Number of protein chains: 4
Amino acid sequence: MSTKIYKGVIPPVVVPDTDDHKLDVVSFERSINRMIDAGVNGLFFLGSSGEVVFSTDNRRLQVIEEAIRIVNHRVPVFVGIIDTEVERVLEHGRVAQELGADVLVATAPFYALGGMAEVEEHFRILHDELDLPIFAYDIPVCVHIKLPWKLLAKLGAEGVLAGVKDSSGDDVSFRYLCQENEKLGHPMTLLTGHEVVVDGAYLSGADGSVPGLANVEPAGYVRQWRAACAGDWATVKAEQDRLNEISHIFDVTKGVQGYAGGVGSFKCALHLMGIFDSPQMPRPVKPLTGENVEAIRKVLVDNGLLEA
Amino acid sequence: MSTKIYKGVIPPVVVPDTDDHKLDVVSFERSINRMIDAGVNGLFFLGSSGEVVFSTDNRRLQVIEEAIRIVNHRVPVFVGIIDTEVERVLEHGRVAQELGADVLVATAPFYALGGMAEVEEHFRILHDELDLPIFAYDIPVCVHIKLPWKLLAKLGAEGVLAGVKDSSGDDVSFRYLCQENEKLGHPMTLLTGHEVVVDGAYLSGADGSVPGLANVEPAGYVRQWRAACAGDWATVKAEQDRLNEISHIFDVTKGVQGYAGGVGSFKCALHLMGIFDSPQMPRPVKPLTGENVEAIRKVLVDNGLLEA
Amino acid sequence: MSTKIYKGVIPPVVVPDTDDHKLDVVSFERSINRMIDAGVNGLFFLGSSGEVVFSTDNRRLQVIEEAIRIVNHRVPVFVGIIDTEVERVLEHGRVAQELGADVLVATAPFYALGGMAEVEEHFRILHDELDLPIFAYDIPVCVHIKLPWKLLAKLGAEGVLAGVKDSSGDDVSFRYLCQENEKLGHPMTLLTGHEVVVDGAYLSGADGSVPGLANVEPAGYVRQWRAACAGDWATVKAEQDRLNEISHIFDVTKGVQGYAGGVGSFKCALHLMGIFDSPQMPRPVKPLTGENVEAIRKVLVDNGLLEA
Amino acid sequence: MSTKIYKGVIPPVVVPDTDDHKLDVVSFERSINRMIDAGVNGLFFLGSSGEVVFSTDNRRLQVIEEAIRIVNHRVPVFVGIIDTEVERVLEHGRVAQELGADVLVATAPFYALGGMAEVEEHFRILHDELDLPIFAYDIPVCVHIKLPWKLLAKLGAEGVLAGVKDSSGDDVSFRYLCQENEKLGHPMTLLTGHEVVVDGAYLSGADGSVPGLANVEPAGYVRQWRAACAGDWATVKAEQDRLNEISHIFDVTKGVQGYAGGVGSFKCALHLMGIFDSPQMPRPVKPLTGENVEAIRKVLVDNGLLEA
């Protein structure tokens, strides 16, 4: 099972909601096509910013079905099968593989407290009982466990894990992982989820990125990846600098935190840019309004993504 | 909707699994009946120690159905409807109320990051769209948010919350909540989930307790509650001292953490005492073995719960 | 070395500063005498709320000298010798014992990361090289290490520690410690630092309390301790309820955090009550002003500590 | 006051102790000269790994005096003036500037809880009352506060801060800081303290590094810096890969944590390499022994720093 095809820019797809909280299929198709046309190398559905934990099982099913229909084999489809513990994760995994996903992405167990013995067993069970490549999603800010790089490397070497999506905020650990993976013959695809430090991650040896901001500006991340492949580090850095200016949509808002500010700013921007018909957020989160919208509009205008 | 009936000892029911990970209905019935016979005032199913996050939706359904059949109106049935975000929680809530639960218990949202605006809206939606009394389950060790006592008091005064199960480990906050609830006319039932400090919580004005250890030794908690109602604080304290000696089943184990050591020690003890047919744990957690079992056996023997 | 004398209410003494950041000896004497006259059982200088980490070595010396002069053997004098690591703590300890302190109070090491081996060795060195009884000050919110009750009990049984001041916020751990200390023959004096849950701590078997709020209202804590000694738990609880109403000086302020709000509210209240000539705070902290002062005034008036 | 001279590799100097815990001046001189001869661009004394918080005031004085004598103006001397709160930090700062330091390095206040208002005021006081350039040392793992990049940029623009040593583990924040500093005209020197991800930091625009591992292998970091200045990113990355192999001295030890494992492994390596006469650690920390020494020896041998 080659992982060589899973390289490059694989955005976590932000999901558009209608005002009455249904999946907005038209906007979804528009946004997916825009990213594929820009040259992304894959798409990751039902990640943290893809509303996975907000979605009922029926909604997850609908997102996967529409995603696979729209993508139509143009790029590989990664599907998040995120849930609290392994029996529930397995259920999501079986649905996703039946519907035609290419890769399954799972976090460590969460809510119940445990140790690394349980984390390791969790990924082994997923590998044993599912048929697709499993990527570990390392996101301690949500899961409250950091996956140790030595454990990840071991599971990669044994074929349990096909890759890692690193949203750990721990660049030291990620760099060790990249280096160890290389020494082991590169069994895993290693992707950074930290969209504002992709340049450093590529220099470290990352195989690609999962930048939420690529929903807003996919072309920049695609150019950056191609520059990295060519060893043109000055361009890699310059593209990052430009993307980071756009990323200030995250920090110009006031009075909102977490998902409301993060994914909220993506949806606000996509709505302003005419890609999403509504900035609606999943309950109990509210969309950004008023001055926060204007602040995001200014960032988009200043960076040439929107006319004044 | 009176909350006066929800007082006293309401154990979070530990769920017995067969060796092949099915619900062991015979052991479940034995344990539930033992607690009711001991005089508990209610039972809480699908709490953190009731394997809620380990259970698929089908398994949750089965646990509730069997619980309601076995309890058969002898005591009120509390059901945990714990999941990541509100649409998923609502689905569990609708199932539980249809099956005949008396009270629904929900945590704050988890996994996705948010602020108190989202937490408040979450509980308001649950209250608006479900028909049963809602208890807030304050368990930051799992959910990674502490519910502020001022927010809880406000939601209680408005009738959004009927009660709180406090597993926050924050006795200062709980004491303020008890005092404020009293000043507001006692709209909420306030239960402590910290089984080794129930004496202090009762003195603080708690309406009851949700002690996991009552699965192992319900009679002691029942005597303690009755002493508290009678204002016999020396007995309240003495019962707690005795229960705490039994609670060392939590800390005599080695090499295990979190759920494996906590709920694992309950299941091990219940197995040794002949109440559970198996100490099996939900995957990926393993049951306690070897020296850990012997250490727990010794605690039970030393405290008269098992013959040597 | 008997620890029996160290029981009851031992307030951590708040230090008055002049507007130009000198020790205000007159206010200091007024406040100390007021607490001794109210019947407190000891006084703790240079604790966290006693500006210990804000004070230069010269200022610490001056505080101890004045404290010992003013107290003049009426009650035992506890002195905090808090610093980052053991050689520095030893220096403070030698000064304090030379000046006539009765008990030395030390935290675990902080700033540098370590484990329990270092914590244990730290307290052993203090015990070996200093001549006075050593109390461990368990304050993870400042030190970022929780002292495990099993380690504390072991060090107590061996005579390394003469007592513990618990500001850990972990009532479960404190209750286990009290119970274990009793089983060991009560070698240690166990004091709670959590002023709003002293009632529960006394019921748990605490030997006394170190309530910052006793700077503002010593008489209530003294009455509460006497009621606890008499086994009159209803009064213990009622006094706590009243004290907690006064404690809202902590949470009626806005726009301030940590020390500025906590010790700041004490100084503000003592200034309003005419005990401190100035509400000045140590740099870089600013005293409370404006609406925050008015909010605290209202709490004091509502609770009969100040005329309207 | 130009900060342009403060660029490149500025190791935090590890301090050798004699077996009886005195400063080992001979080893200190040997190690300092070795680093200067290798071409480092500055030296940072009394940083976290320079035993600052373990050192009494007399010991700090001795370290600074010997450092300045040995360095003898060959490279700039950075001195850590780390202590809990501002009056104490000022005292250390006055001593260091009198003795001839070039730059003073201070953390945020610690132990007492506070907010950003206090942090900002703290750095302003240091700037106002001391005469040397002030670097902010961002080390939340010790100080438990993360310095926000927007605050740092503001203080840099105003001339309050001359630089930042970033040991925050937050590469996202550091990258934003570098980018903002550039937009502001580069008023601050920005140094990364994360020795295993220096390559990414240089690509991000860092002005230099403060790598503890340069005590063990200064030449590699010097070559890496020169490659970065030349825009030879392949070499920057390759040098990092090699250095990271050496850095496994940190993680081959067992049964030790924090300072004992981190600085302990440096001292062990320097002792094995004949640079330090003793691996002694400051009390209460113990030097590495037995299998841990052998594991570190193996890393050094495998990487050509020691003969087999």
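Residues numbered from 1 in each chain as written. Chains lettered and ligands numbered in written order. Predicted model: local features only at pLDDT ≥ 70, side-chain atom pairs only at ≥ 80, totals over all residues. Heavy atoms only, no water.

**Comments concerning the overall build of chain A**
Logical step 1: Looking only at helices and strands, chain A has 12 helices and 8 strands in total.
Logical step 2: Relative to the 2.2 N^0.38 estimate, which gives 19 Å for 308 residues, the radius of gyration of chain A is 18 Å and therefore close to what a compact globule would have.
Logical step 3: C-alpha extents for chain A along the principal axes are approximately 55 × 45 × 35 Å.
Logical step 4: Looking at chain A residue by residue over its 308 residues, the buried ones come to 66%.
Logical step 5: A distance of 3 Å separates the average location of the 28 positive side-chain charges in chain A from that of its 43 negative side-chain charges. (Helix = DSSP H or I, 4+ residues; strand = E, 2+ residues; numbered from the N terminus. Rg over C-alpha atoms; globule rule 2.2 N^0.38 Å. Buried < 20%, exposed > 50% of the residue type's maximum accessible area, 1.4 Å probe, protein only. Lys, Arg positive; Asp, Glu negative; His and termini not counted. Charge placed at Lys NZ, Arg CZ, Asp CG, Glu CD.)

**Examining the interface of chain D and chain C**
Logical step 1: Between chain D and chain C, the residue contacts involve 44 residues of the former and 44 residues of the latter.
Logical step 2: Of all residues in chain D, the largest losses of buried area upon contact with chain C belong to Arg88, Tyr111 and Arg283 of chain D, amounting jointly to 24% of the total for that side.
Logical step 3: With a closest N to O distance of 3.0 Å, aspartate 57 of chain C and arginine 88 of chain D form a salt bridge.
Logical step 4: Linking chain D to chain C there are 17 residue pairs in polar contact (both at pLDDT 80 or more).
Logical step 5: Elements that contribute at least two residues to the side of chain D that touches chain C include exactly α2 (57–71), α3 (86–99), α4 (116–129), α5 (140–143) and α11 (258–272) of chain D.
Logical step 6: Considering only residue class, the side of chain D that touches chain C consists of 20 nonpolar, 12 polar and 12 charged. (Contact = heavy atoms within 4.5 Å. Buried area = accessible area lost by both parts, 1.4 Å probe. Salt bridge = Lys/Arg side-chain N within 4 Å of Asp/Glu carboxyl O. Polar contact = N/O pair within 3.5 Å; in protein donor to acceptor, adjacent residues only side chain to side chain. Nonpolar A, V, L, I, M, F, W, Y, C, P; charged D, E, K, R; others polar.)

**So, the relation of the copies chain B and chain A**
Logical step 1: Note on the identical chains: chain B maps onto chain A by a rotation of 180° and an axial translation of 0.0 Å, with an RMSD of 0.0 Å. Both copies are brought into coincidence by an operation consistent with a two-fold rotation axis.
Logical step 2: Taken as a fraction of all interface residues of chain B, those also at the interface in chain A reach 100%, which identifies the copy contact as same-surface. (Least-squares fit on C-alpha atoms with pLDDT ≥ 70 in both.)

**Observations regarding the sheet that holds strand β6 (residues 163–166) of chain C**
Residue and element names in this part refer to chain C.
Logical step 1: Taken together, the 8 strands give an open sheet; going across it, the order is β1-β8-β7-β6-β5-β4-β3-β2, and neighbouring strands pair in parallel fashion. Each edge of the open sheet is held by one strand with a lone partner, namely β1 (8–9) and β2 (43–45).
Logical step 2: Taken together, the 2 bridges between β1 and strand β8 (residues 208–209) define a ladder with parallel strand orientation. Along β8, the bridge assignment pairs valine 9 with serine 209. (Pairing = 2+ DSSP bridges.)

**Some details on the interface of chain B and chain A**
Logical step 1: Listed per partner, the contact involves 44 residues of chain B and 44 residues of chain A.
Logical step 2: Across the chain B to chain A interface the summed buried area is about 3,800 Å²; carbon plus sulfur atoms make up 58%.
Logical step 3: Together, Arg88, Tyr111 and Arg283 of chain B form the three largest contributors to the area buried by chain B at its contact with chain A, with a combined 24%.
Logical step 4: At the junction of chain B with chain A, the criterion picks out 10 salt bridges.
Logical step 5: The interface formed by chain B and chain A holds 17 residue pairs in polar contact (both at pLDDT 80 or more) in total.
Logical step 6: Put simply, the parts of the chain that give the side of chain B that touches chain A at least two residues each are α2 (57–71), α3 (86–99), α4 (116–129), α5 (140–143) and α11 (259–272) of chain B.

**Topic: helix α9 (residues 218–229) of chain B**
Since the α-helix turns once every 3.6 residues, residues separated by three or four places project in the same direction.
Residue and element names in this part refer to chain B.
Logical step 1: When the terminal C-alpha atoms of α9 are compared, their 17 Å separation across 12 residues agrees well with the 16 Å that a helix rising 1.5 Å per residue should span.
Logical step 2: Along α9, the residues classified as buried are Pro218, Gly220, Tyr221, Val222, Gln224, Trp225, Ala227 and Ala228.
Logical step 3: Of the surrounding elements, those touching the buried residues of α9 are β1 (8–9), α1 (25–38), α8 (198–204), β8 (208–209) and α10 (233–246).
Logical step 4: Glycine 231 sits one or two residues past α9 and shows a positive phi near 75°. (Expected span 1.5 Å × (residues − 1).)

**Here we look at the sheet that holds strand β2 (residues 43–45) of chain B**
Logical step 1: Reading across from one edge, β1-β8-β7-β6-β5-β4-β3-β2 (chain B) is the order of the 8 strands in this open sheet, with parallel pairing throughout. Edge positions in the sheet fall to β1 and β2 of chain B, since each of these pairs with one other strand and no more.

**Remarks on the arrangement of the chains**
Logical step 1: Chain A makes no contact with chain C; the smallest distance between any of their C-alpha atoms is 15 Å.
Logical step 2: One finds no contact between chain B and chain D; the C-alpha atoms of the two approach each other to within 14 Å at their closest.

**What to know about the pattern of salt bridges**
Side chains carrying opposite charge are able to pair once their charged atoms draw close together.
Logical step 1: Scanning all chains against the criterion turns up 112 salt bridges over all chains.
Logical step 2: With its nearest N and O atoms 3.8 Å apart, the salt bridge here joins glutamate 180 of chain C to lysine 183 of chain C. Remark: lysine 183 of chain C and glutamate 180 of chain C occur in helix α7 (residues 171–183); sequence separation between them is 3 residues, near one turn of the helix.
Logical step 3: You can call lysine 183 of chain C exposed: its relative accessible area is 52%.
Logical step 4: A single salt-bridge network, built from bridges that share partners, covers Asp57, Asp83 and Arg88 of chain A together with Asp57, Asp83 and Arg88 of chain B.

**Focus on the packing of aromatic side chains**
Logical step 1: Under the criterion given, the structure shown has 42 aromatic pairs over all chains.
Logical step 2: With a centroid separation of 6.3 Å and 75° between ring planes, the pair formed by phenylalanine 110 of chain C and phenylalanine 110 of chain D is classed as edge-to-face. With phenylalanine 110 of chain C in the loop between β4 (103–107) and α4 (116–129) and phenylalanine 110 of chain D in the loop between β4 (103–107) and α4, the pair connects residues from two separate chains.
Logical step 3: What makes phenylalanine 110 of chain D buried here is its relative accessible area of 2%.
Logical step 4: Put simply, the rings of Phe110 and Tyr111 of chain A together with Phe110 and Tyr111 of chain B touch in pairs and so form one group of aromatic residues. (Phe/Tyr/Trp six-rings, centres within 6.5 Å; stacked < 30°, edge-to-face > 60°.)

**Here's the deal with the packing of helix α9 (residues 218–229) of chain D against helix α10 (residues 233–246) of chain D**
All names here are of chain D.
Logical step 1: At a closest axis distance of 8 Å, the pairing of α9 and α10 adopts a crossing angle of 160°. Taken as axis vectors, α9 and α10 run roughly antiparallel relative to one another. Here α9 runs over α10; the crossing is left-handed. Residue-level contacts link Gly220, Tyr221, Arg223, Gln224, Ala227 and Ala228 of α9 to Trp233, Thr235, Val236, Glu239, Gln240, Arg242 and Leu243 of α10.
Logical step 2: Residue composition of the contact of α9 with α10, by class: 6 nonpolar, 4 polar and 3 charged. (Axes fitted to C-alpha atoms, helices over the stretch in contact; angles between N-to-C directions. Parallel < 35°, antiparallel > 145°, perpendicular 65-115°, else oblique. Left-handed = near helix turned anticlockwise from the far one by under 90°.)

**Describing the side chain of histidine 194 of chain B**
Logical step 1: Along the chain, the position of histidine 194 of chain B falls in the loop between β7 (189–192) and α8.
Logical step 2: Within the structure, histidine 194 of chain B has its side chain in polar contact with the backbone nitrogen of serine 168 of chain B (distance 3.4 Å).
Logical step 3: If we skip the residues at most four places from it in the chain, histidine 194 of chain B touches Asp166, Ser167, Ser168 and Gly169 of chain B together with Val172 of chain C.

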